[in-house]
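Structural description and commentary
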Amino acid sequence: SKTYRICLIEGDGIGHEVIPAARLVLEATGLKFEFVEAQAGWETFERIGTSVPEATLEAVTHTDATLFGAATSPTKKVPGFFGAIRYMRRKLDLFANVRPAKHHPVPGSRPGVDLIVVRENTEGLYVEQERSYLEGEIAIADTVITRKASARIGEYAARLAASRPRKQLHVAHKANVLPMTQGLFMNTVLAEAARFPEVKTQDIIIDNCAMQLVRNPERFDVIVTTNLFGDIISDLTAGLVGGLGIAASGNIGIKHAVFEPVHGSAPDIAGKGIANPAATILSGVMMLDHLGEHETARRVEAAVDKVLQEGPRTPDLGGNATTLQFAEAVARAL
Ligand code: NAD
Ligand code: MN
């Protein structure tokens, strides 16, 4: 069988804990992997002055897929620093950020939820073009929407919806307030979706979408939206099914893909060995699906759900297992 070359990037904080845990599970699947370790993030910036070294881009682009932990971004402007994962998304044109929220057997997870947020990943407010005037009294950020990127993400989301049983697509936007930027996004996505007549498509204003997601999340199937809205509502949808400890994602481009948990570096619990690795393991499941290893993906997913149900669980889900104990239990359940 094939040997997959996988780039592993721990990043910062709990990235150092959840990536080794996910690696342990991948190694227990019986598939053949060759792991290529690379550096990125705040600690890398502090060490060598860049948050994404050239060698890391090489590793990401010369492997079959990448599994990324988390990276810290300071809330203050630091000269020369750029956010590692955001940089890779733009630089490698990983245009689709795919964030499933599906019911898992954990406290607080809402039965019946099975949706996917598709977040445009290369533009919007995340072009990170900010400036301030009058000694910081006024600050302005650009938001960029292009027809090209909107069409690409619209086609991706519609195709994804077409592949799912309910074939339902919501385009979430704020075109009522921002008709030029948000209107361009909404109309372009709707036009792409119209090419998939089997998909039931409707637009929804993002704030109403947030409210509907809290009240009736089981109504939603695929939701496509712009970068910042997608960032925010995908944390919301993670909260519907058990929280950041289990929320997985993929950054998908034409040539490359980087899979990562939705959560960040969690400085409040980093170094304690208690981070929940399920989000990273489930990101690994998305990676296995991306590689075409669907059967193994389902086995790992079932093993994660078994351990989530029977324990041992990590403290974020009310248990007292360590990161490693959870991963070892998943490996055994395989
Ligand atoms: P966070 O996701 O790191 O943490 C939010 C809360 O959830 C914390 O209380 C944390 O302990 C908890 N949590 C997160 N992941 C967990 C896990 N696996 N197991 C148990 N508990 C978990 O978000 P934050 O605190 O807003 O941000 C911290 C840093 O992470 C910031 O520097 C931010 O820029 C960065 N960040 C990075 C990414 C990324 O790399 N993609 C995403 C979000 C935030
Ligand atoms: Mn986020």
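Residues numbered from 1 in each chain as written. Chains lettered and ligands numbered in written order. Predicted model: local features only at pLDDT ≥ 70, side-chain atom pairs only at ≥ 80, totals over all residues.

Within the chain one finds 11 helices and 12 strands. In terms of overall dimensions, the chain has C-alpha extents of about 55 × 50 × 40 Å along its principal axes. Split into buried and exposed, the 334 residues of the chain put 50% on the buried side. Taking the contacts inside the chain whose residues are at least 6 apart along the sequence as the reference set, 74% of them involve residues at least 24 apart. (Helix = DSSP H or I, 4+ residues; strand = E, 2+ residues; numbered from the N terminus. Buried ≥ 20, exposed ≤ 12 C-beta atoms within 10 Å, placed from the backbone. Contact = placed C-beta atoms within 7 Å.)

In this section: the nonpolar core. In this structure, Val 118 and Ala 157 are the most contacted members of the largest nonpolar core, which totals 97 residues. Of all the elements, helix α9 (residues 278-290) adds the most residues to this core, at 8 residues. Counting only domains with at least three residues in this core, you end up with domain 1 (1-97 + 245-334) and domain 2 (110-240). The contacts of Val 118, once residues within four sequence positions are left out, are Ala 96, Val 98, Ile 153, Tyr 156, Ala 157, Leu 160, Val 222, Ile 223 and Val 224. (Core = buried A, V, L, I, M, F, W, Y, C linked by C-beta atoms within 7 Å. Domains from an automatic or database assignment.)

Reading across from one edge, β2-β1-β3-β12-β11-β4-β5-β10-β8-β9 is the order of the 10 strands in this open sheet, with mixed pairing throughout. The open sheet has two edge strands, β2 (32-38) and β9 (200-205), and neither has a second partner. Strand-to-strand twist across the sheet, computed as the mean angle between neighbouring axes with direction ignored, equals 25 degrees. The sheet contact formed by strand β1 (residues 3-11) and strand β3 (residues 65-70) spans 5 bridges and is parallel. Looking at β3, one finds that Ile 6 is bridged to Ala 65. Contacts from helix α8 (residues 227-240) reach β4 (96-102), β5 (114-120), β8 (168-173) and β10 (222-225) within the one sheet, and its direction differs from that of β5 by about 160 degrees. (Pairing = 2+ DSSP bridges. Axes fitted to C-alpha atoms, helices over the stretch in contact; angles between N-to-C directions.)

So, on to the site of ligand 1. The environment of ligand 1 is made up of 20 residues, and the closest members are Ser 73, His 263, Gly 264, Asn 276 and Asp 316. When its residues are assigned to classes, the shell around ligand 1 shows 10 nonpolar, 7 polar and 3 charged. (Near = placed C-beta within 6 Å. Nonpolar A, V, L, I, M, F, W, Y, C, P; charged D, E, K, R; others polar.)

Glancing now at the environment of Leu 228. With respect to the secondary-structure elements, Leu 228 resides in helix α8. Along the primary structure Leu 228 and Gly 124 are separated by 104 residues, whereas in three dimensions their C-alpha atoms are 7.0 Å apart. Beyond its immediate sequence surroundings of up to four residues, Leu 228 is in contact with Gly 124, Leu 125 and Tyr 126.

Let us now look at helix α7 (residues 206-215). Within the span of α7, buried status applies to Ile 206, Cys 209 and Leu 213. For α7, the arc enclosing every buried residue in end-on projection is 45 degrees, short of the 170-degree limit, so these residues lie on one face. Those residues of α7 that are exposed and aimed more than 90 degrees away from the buried face are Asn 208, Met 211 and Arg 215. Here the buried face of α7 lies against β8, β9, β10 and α8. (Arc of directions from axis to C-beta.)

So, about the domain arrangement of the chain. Each assigned domain of the chain is listed with its residue range as follows: domain 1 (1-97 + 245-334) and domain 2 (110-240). On a C-alpha basis, the centres of domain 1 and domain 2 stand 24 Å from each other. Tallying the contact residues gives 11 residues for domain 1 and 13 residues for domain 2. Contributing elements (two or more residues each) for the side of domain 1 that touches domain 2: α4 (84-91) and β4. Residue contributions to the side of domain 1 that touches domain 2 peak at 3 residues, all from α4. Partitioning the side of domain 1 that touches domain 2 into residue classes produces 5 nonpolar, 2 polar and 4 charged.

Mapped onto the elements of the fold, Ile 116 is located in strand β5. Separated by 155 residues in sequence, Ile 116 and Gly 271 place their C-alpha atoms 31 Å apart.

According to UniProt, the positions carrying the feature "domain: Isopropylmalate dehydrogenase-like" (unreviewed entry) are residues 5-330. Here residues 5-330 runs as 39% helix and 21% strand, with 22 Å between its end C-alpha atoms. (UniProt positions renumbered as here; feature names shortened; annotations may be inferred.)

Parts of the model with low pLDDT should not have their predicted coordinates read in detail. Looking at the chain, pLDDT values average 97 and 100% of them are 70 or higher. The complex model carries a pTM of 0.96, and its ipTM stands at 0.98. (pLDDT = per-residue confidence, 0-100.)

The terminal C-alpha atoms of α9, which comprises 13 residues, lie 18 Å apart, in line with the 18 Å expected from a rise of 1.5 Å per residue. The element α9 is largely enclosed, with a buried count of 11 among its 13 residues. Here α9 has its buried residues at Ala 278, Ala 279, Thr 280, Ile 281, Leu 282, Ser 283, Gly 284, Val 285, Met 286, Met 287 and Leu 288. Buried-residue contacts for α9 involve α1 (15-27), β3, β11 (248-252), β12 (257-261), α10 (294-310) and α11 (323-333). (Expected span 1.5 Å × (residues − 1).)

Across residues other than glycine, the phi torsion is negative in most instances, and most of the peptide bonds are trans. Omega for the bond connecting Gly 311 with Pro 312 falls within 30 degrees of zero, at 0 degrees, which places this linkage in the cis form. With respect to the helices and strands, the residue Pro 312 is situated in the loop between α10 and α11. The phi dihedral of Asp 93 falls on the positive side, at around 55 degrees, and the residue is not glycine. Its location among the elements puts Asp 93 in the loop between α4 and β4. Residue Glu 128 is not a glycine yet carries a positive backbone phi of 55 degrees. One can find Glu 128 in the loop between β5 and β6 (130-133). Residue Glu 128 is classed as exposed on the basis of its 12 C-beta neighbours within 10 Å.

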